[in-house]
Every structure is written in C-alpha cells, then in structure tokens.
Amino acid sequence: MKKTKLRLHNPGSNKEKEFLLSMMDNGYLLTGKHCVFYNFTKAKDNQHHDLILEYSDQKTPDIDNYDLSDYGIIFSFQNKLWLTKYFISYSYAKNKKDKNEIKISDDSIQMELKYVKRYIKNFITLINWILVISVVIWGLLVAKHFMKLMKISPENASTNALSSMVFFLIPTLVIYYILWMYIWFKFFKRKHELQNKTGDYSGNWQPTLLVTIKNPSTVPDMHDFAYLGTWTRLTHKENENTYYYNLKSNYSITDIIEDLSTMLNTDKDNIKIIDNFGLAPIGWLGLFF
C-alpha cells in the first residue's frame with residue numbers, strides 16, 4: 001500500500017523527523033520525496049526500523065540502484081537540498097529493538113551544520129536581492145505615475161504618486177519581514193542547536209579586543225594562547241617594551257587577563273584590554289560585521 005503526504009517541512013528538521021517517525025510507527029517507510037510531497041510504502045514486515053539521515057556535499061552515483069543489503073540497508077535514496085550544493089539521504093535499516101529510531105552520525109552532524117550555514121547565507125542573499133529589485137521596480141513605478149499625474153495636477157503630483165504607490169511597497173516589506181522571521185526561527189535556531197552539539201562555533205561573529213601587554217618576562221608567542229581566539233599582532237614599541245594585538249574572542253576580559261598574566265609572568269596591571277564598546281562609537285561597527 002502506498003501513501004502520499006503533503007508537508008511543509010525543511011529537510012532534516014526536527015518537525016520532519018517527528019513526521020517520519022510517526023509514519024514509521026504506523027508501518028510506512030519513505031520511498032521518495034518531491035518538493036512538499038512525501039511518498040510512503042507500507043513495510044512488508046512488522047519489524048522496527050532505523051531511519052538513517054546523512055548529509056553530504058556530493059551526490060552518491062545511482063544510490064537508488066545499489067544493493068545495500070550487505071550493510072543492513074533495505075532502502076535508500078538521496079535528495080538535493082535547495083539553494084545549496086549539499087545532499088541528504090534517507091536510508092532504512094531493520095533493528096532488533098522494540099521501537100523505531102532516527103539516527104545521524106557525528107560526521108553527518110558536522111556536514112548538516114555546514115549545510116545550514118550555507119543555506120542561511122544563500123537565503124539572506126536571495127531575499128536581499130528580492131528587496132533591492134522590488135525597491136527599484138517601486139521607484140520606476142512611482143516615477144511613471146508621477147509623470148502621468150504631472151499632466152493632470154502638477155501641484156499635487158509628488159504627494160499623490162507616493163501615496164498611491166505606497167500600497168505596492170508595504171506588501172514587499174511585509175514579505176521581507178516574514179522571510180526574515182522564517183530564516184530566524186527555522187534555521188538560525190537550528191544552527192545554534194547543531195553548534196551546541198558539535199562545539200563548532202566557527203563563522204560566528206566575535207568581538208574584537210585591543211590587547212596591550214607591557215613588560216612581559218619573555219616575548220609573547222600568541223600560538224600558546226590560540227585557545228583564547230584569533231590573534232593579530234599590530235605593533236611593538238621597543239622603548240616601552242609594549243606589545244599591541246587585536247584578539248577576536250568570546251572569553252571574558254577577566255579570564256584573558258588572568259591567563260596572560262600567569263603564563264607571561266607579568267603583573268595584571270601591565271595588561272590592558274579595550275573591547276568594541278570601549279572604542280565607541282567606532283567599535284560599535286563590530287556589532288554589524
């Protein structure tokens with residue numbers, strides 16, 4: 001017996017996992033997916049199954065035609081993930097447990113995080129282009145309407161043109177806002193969950209700190225402090241024996257000073273750190289880049 005379900009789930013999301021798990025509990029296995037349509041087939045036995053989700057950055061050739069029974073896989077297929085170069089595969093394997101389960105390997109979680117990051121970047125680029133194009137079209141329509149009104153009522157042409165065309169711009173801004181809410185609630189939260197699982201926070205914005213170290217006992221080797229963040233040496237004043245660095249880090253200023261003071265054998269008062277807010281208003285720009 002076959003079934004087709006229509007669902008608006010993002011591939012690999014918790015909502016999709018819950019949906020597929022509920023279908024497995026009812027004895028149906030996913031055999032294909034096209035956009036929002038999920039195709040299921042009734043399992044031939046009453047055994048429980050594992051649904052294995054795997055992400056990859058390249059397509060597995062003819063995965064649908066492979067005999068994967070030697071690996072315990074009874075069925076598998078792969079789908080391209082929209083807006084990115086990544087793929088997701090859905091595979092079923094029989095298990096000896098008393099319940100159905102969904103499994104994702106640690107390597108695949110890392111790949112899923114890469115996919116989510118890429119999707120966010122590409123989606124934001126797409127909606128920004130949509131906004132720019134919409135505003136340009138709006139401007140052209142206002143200009144056209146203005147020229148028409150100039151022939152009828154020149155004194156009120158500009159006011160009437162703007163007021164009549166505002167109905168075009170407002171829906172565009174509303175749609176833009178809805179798309180931002182979608183990407184925030186569906187993908188930014190998913191990204192944070194995956195980062196908490198993997199501990200991979202690369203690519204996140206980090207505050208830039210200006211670190212000044214005076215009179216260290218030895219020349220600082222910032223490779224020893226790579227765990228604190230990303231260091232960039234700015235300059236060294238020999239006459240004052242003072243070193244200047246930029247540091248991108250999520251550690252607190254207190255913790256950074258404590259570690260530097262201990263390992264460089266210098267007094268805490270010789271270490272000064274200024275954060276973005278201490279460089280106001282210039283430093284505030286770091287909040288946006």
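Residues numbered from 1 in each chain as written. Predicted model: local features only at pLDDT ≥ 70, side-chain atom pairs only at ≥ 80, totals over all residues. Heavy atoms only, no water.

(A) Summary view of the pairing of strand S5 (residues 73-80). As judged from the seven bridges shared by S5 and strand S6 (residues 87-94), these two strands associate in the antiparallel manner. Bridge pairing in S6 places Ile73 opposite Ala93. Taken together, S5 and the strand that follows it, S6, pair antiparallel across an intervening segment of six residues, in which Leu83 is found at a positive phi of about 75 degrees. (Pairing = 2+ DSSP bridges. Helix = DSSP H or I, 4+ residues; strand = E, 2+ residues; numbered from the N terminus.)

(B) The arrangement of the confidence of the model for the protein in detail. Here the protein shows a mean pLDDT of 83. Residues at 70 or above account for 89%. Strand S3 (residues 37-42) holds the highest mean pLDDT among the elements of the protein, 93, whereas helix H3 (residues 157-198) holds the lowest, 84. This model gives residues 278-289 a pLDDT under 50, and the stretch forms nine contacts once residues within four places in sequence are excluded. (pLDDT = per-residue confidence, 0-100. Contact = heavy atoms within 4.5 Å.)

(C) Spotlight on the layout of surface pockets. Within this model, the largest pocket holds a volume of roughly 420 Å³. As for the largest pocket, its lining consists of 19 residues, of which His9, Pro11, Lys33, Cys35 and Trp82 are closest to the centre. When its residues are assigned to classes, the lining of the largest pocket shows 13 nonpolar, three polar and three charged. Roughly 330 Å³ of volume is contained in the second largest pocket. (1 Å grid on protein atoms, 1.4 Å probe; cavity = no way out; pocket = protein on both sides within 12 Å on 5 of 7 lines; lining within 4 Å. Points joined across faces, edges and corners; volume = space filled by probe spheres on them. Nonpolar A, V, L, I, M, F, W, Y, C, P; charged D, E, K, R; others polar.)

(D) Representation of the sheet that holds strand S9 (residues 230-237). The antiparallel open sheet is built from four strands, whose spatial order is S9-S10-S8-S11. A strand with exactly one partner marks an edge of an open sheet, and here the two such strands are S9 and strand S11 (271-274). Looking at each pair of strands side by side, their axes are set apart by 20 degrees on average, direction ignored. Both strand S8 (residues 208-214) and strand S10 (residues 242-248) contribute to a ladder of seven bridges, which runs antiparallel. In the sheet register, Thr208 faces S10, and the bridge partner there is Lys248. Against the sheet, helix H4 (residues 253-264) engages S8, S9, S10 and S11, with an angle of about 155 degrees to S11. (Axes fitted to C-alpha atoms, helices over the stretch in contact; angles between N-to-C directions.)

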